[in-house]
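Close look at the chain arrangement
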Amino acid sequence: MSLWRYANPAEFMRVTRPVVVPLWIGAGVLLAAGLGWALFFTPPDYQQGSTVRIIFLHVPAAMLAINTYFIMAVASGIGLIRRHHVSFLIAKAAAPIGAAFTLVALITGAVWGQPMWGTWWVWDARLTAVLIMFFFYLGYMALWAAIDEPEKAADLSAVLCLVGVVFAGLSRWAVLFFATLHQGSSLSIEAGQRIDDAFRTPLYLCIVAFYVLFLALLLMRARTEIRLRRARALRFAAVPA
Amino acid sequence: MSFAADPYAAYVIAAYAASAAILGALIWASVAASRRARRDLEGLERERRP
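Residues numbered from 1 in each chain as written. Chains lettered and ligands numbered in written order. Predicted model: local features only at pLDDT ≥ 70, side-chain atom pairs only at ≥ 80, totals over all residues.

Points about the overall build of chain B
- In terms of helices and strands, chain B carries one helix and zero strands.
- Taking 2.2 N^0.38 as the reference for a compact globule, 50 residues should give roughly 10 Å; the C-alpha atoms of chain B span a radius of gyration of 21 Å, well beyond that estimate.
- Within chain B, the proportion of its 50 residues that are buried is 18%. (Helix = DSSP H or I, 4+ residues; strand = E, 2+ residues; numbered from the N terminus. Rg over C-alpha atoms; globule rule 2.2 N^0.38 Å. Buried ≥ 20, exposed ≤ 12 C-beta atoms within 10 Å, placed from the backbone.)

In structure tokens form, the structure reads like this:
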């Protein structure tokens with residue numbers, strides 16, 4: 001049995017149908033538990049006060065902002081190489097989700113930065129890379145929308161996505177290469193525990209909740225794209241030659 | 001969490017409100033698009049049936 005059979009739209013729809021509703025329910029329960037815990041049951045930090053509670057939105061959103069771009073890049077690469085429409089459609093479906101999570105990361109970062117750094121924004125390597133990545137998300141979506149021919153739109157958007165992967169990488173690793181105002185990773189396997197359990201456990205819960213929400217949104221949007229493609233094919237088939 | 005006398009409460013509330021608004025809009029748009037596409041496709045398939 002090959003993994004590539006899921007590149008068949010009908011097979012993809014069949015396999016994902018029973019998963020979507022449980023994912024939505026799981027996302028709702030986990031978000032309520034994670035954010036409820038974060039807001040009402042975590043203590044203020046001894047240095048940052050209650051602003052530490054922004055971490056429960058900022059870190060999961062930033063992780064998903066970057067990882068969604070990597071997922072899009074992999075899907076685009078597979079689409080270009082193997083010509084699987086579902087790959088292109090998954091990348092297309094992921095773009096608004098990644099853009100929304102990037103916007104959440106940028107806004108929560110600015111709102112957190114103001115009281116802690118004394119400024120809403122600095123043009124340091126990580127923040128600038130994330131902003132450019134956000135523009136790549138917008139550019140990718142605009143390119144899909146601007147081209148009527150789906151095959152051409154898929155190819156050109158995929159190339160644009162692969163170009164922008166540099167900024168997704170910079171967003172992830174800029175703190176290692178440049179002196180930035182932004183701190184290093186809060187969660188690191190190599191560096192050991194850098195965050196107290198009072199914050200770490202609800203943070204893990206929020207990260208899982210955001211990933212489940214991402215999966216629910218991705219599958220729903222990918223299924224929508226497949227339906228739109230099928231509807232377009234039916235309309236073309238109905239037009240007399 | 002007690003918001004009384006917390007000098008940072010406005011920042012925390014602003015961050016959560018902005019995130020809820022963005023993610024809420026994304027979810028609403030995704031659900032609406034899904035329903036529209038499903039309805040559209042079902043209509044087309046019904047028309048094609050003999």
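A closer look at the overall build of chain A
- When helices and strands are counted, chain A shows six helices and zero strands.
- Ordered by position from the N terminus, the helices and strands of chain A form the series α-α-α-α-α-α.
- Seen through its C-alpha atoms, chain A measures out along the principal axes to roughly 70 × 35 × 30 Å.
- Every one of the 241 residues in chain A was classed for burial, and the buried ones make up 39%.
- Taking contacts inside chain A between residues at least 6 apart in sequence as the whole, the part at least 24 apart equals 79%. (Contact = placed C-beta atoms within 7 Å.)

Examining the interface of chain A and chain B
- Facing the 30 residues of chain A at the interface are 23 residues of chain B.
- Secondary structure elements with two or more residues in the side of chain A that touches chain B: α1 (9–40), α3 (85–117) and α6 (197–238) of chain A.
- Classifying every residue of the side of chain A that touches chain B by side-chain character gives 18 nonpolar, six polar and six charged. (Nonpolar A, V, L, I, M, F, W, Y, C, P; charged D, E, K, R; others polar.)

Topic: the packing of helix α2 (residues 55–82) of chain A against α3 of chain A
All names here are of chain A.
- Contact pair α2 / α3: the axes reach a minimum separation of 7 Å and the direction vectors enclose 155°. What the angle tells us is that α2 and α3 run roughly antiparallel. For the crossing formed where α2 meets α3, the hand is left-handed.
- Its residues assigned to classes, the contact of α2 with α3 comprises 20 nonpolar, nine polar and no charged. (Axes fitted to C-alpha atoms, helices over the stretch in contact; angles between N-to-C directions. Parallel < 35°, antiparallel > 145°, perpendicular 65-115°, else oblique. Left-handed = near helix turned anticlockwise from the far one by under 90°.)

Considering the confidence of the model for chain B
- With 92% of its residues at a pLDDT of at least 70, chain B reaches an overall mean of 90.
- Interface scoring of the predicted complex returns ipTM 0.91; its pTM is 0.92. (pLDDT = per-residue confidence, 0-100.)

With respect to the packing of α2 of chain A against helix α5 (residues 150–177) of chain A
All names here are of chain A.
- For the pair α2 and α5, interaxial distance at closest approach is 8 Å and the crossing angle is 145°. Crossing of α2 over α5 shows left-handed handedness. For the pair formed by α2 and α5, the contact residues are I66, Y69, F70, M72, A73, S76, G77, G79 and L80 on the first element and A154, D155, A158, C161, L162, G164, V165, A168, S171 and R172 on the second.
- Considered class by class, the residues forming the contact of α2 with α5 number 12 nonpolar, five polar and two charged.

Things to note about the environment of Y11 of chain B
- Tracing the sequence through the fold places Y11 of chain B in helix α1 (residues 9–48).
- Placed 24 residues apart in sequence, Y11 of chain B and R35 of chain B show a C-alpha to C-alpha distance of 36 Å.

Quick word on the nonpolar core
- Among the nonpolar cores identified, the biggest contains 72 residues, and A61, A91, V104 and M133 of chain A are the most heavily contacted of them.
- When contributions to this core are tallied by element, the ones reaching two or more residues are α1, α2, α3, α4 (125–146), α5 and α6 of chain A together with α1 of chain B.
- The leading source of residues in this core is α3 of chain A, at 19 residues.
- With near-sequence residues (within four places) excluded, A91 of chain A lies in contact with M72, A75, S76, G79, A158 and C161 of chain A. (Core = buried A, V, L, I, M, F, W, Y, C linked by C-beta atoms within 7 Å.)

Quick word on α2 of chain A
- Its 28 residues give α2 of chain A an end-to-end C-alpha distance of 40 Å, which sits within 8% of 40 Å, the value for a rise of 1.5 Å per residue.
- Downstream of α2 of chain A by a residue or two, R83 of chain A has a phi angle that is positive, lying close to 60°. (Expected span 1.5 Å × (residues − 1).)

As for unusual backbone geometry
- Despite not being glycine, R83 of chain A has its phi angle at roughly 60°, a positive value.
- Within the secondary structure, R83 of chain A sits in the loop between α2 and α3.

Some points on the environment of W117 of chain A
All names here are of chain A.
- Mapped onto the elements, W117 comes out in helix α3.
- A count of 14 C-beta atoms within 10 Å places W117 in the partly exposed class.
- Between the alpha carbons of W117 and L39 there is a distance of 22 Å; along the sequence they are 78 residues apart.

Overview of α3 of chain A
Residue and element names in this part refer to chain A.
- If you check α3, its first and last C-alpha atoms are 46 Å apart, about what 33 residues at 1.5 Å a residue would give, namely 48 Å.
- Counting buried positions over the 33 residues of α3 gives 27, a clear majority of the element.
- The positive-phi residue at the C-terminal boundary of α3 is G118, with phi of around 85°.

Structural notes on the confidence of the model for chain A
- Looking at chain A, the pLDDT average stands at 90 and 94% of residues meet or exceed 70.
- Mean pLDDT across the elements of chain A bottoms out in α5 of chain A (89) and peaks in α3 of chain A (96).

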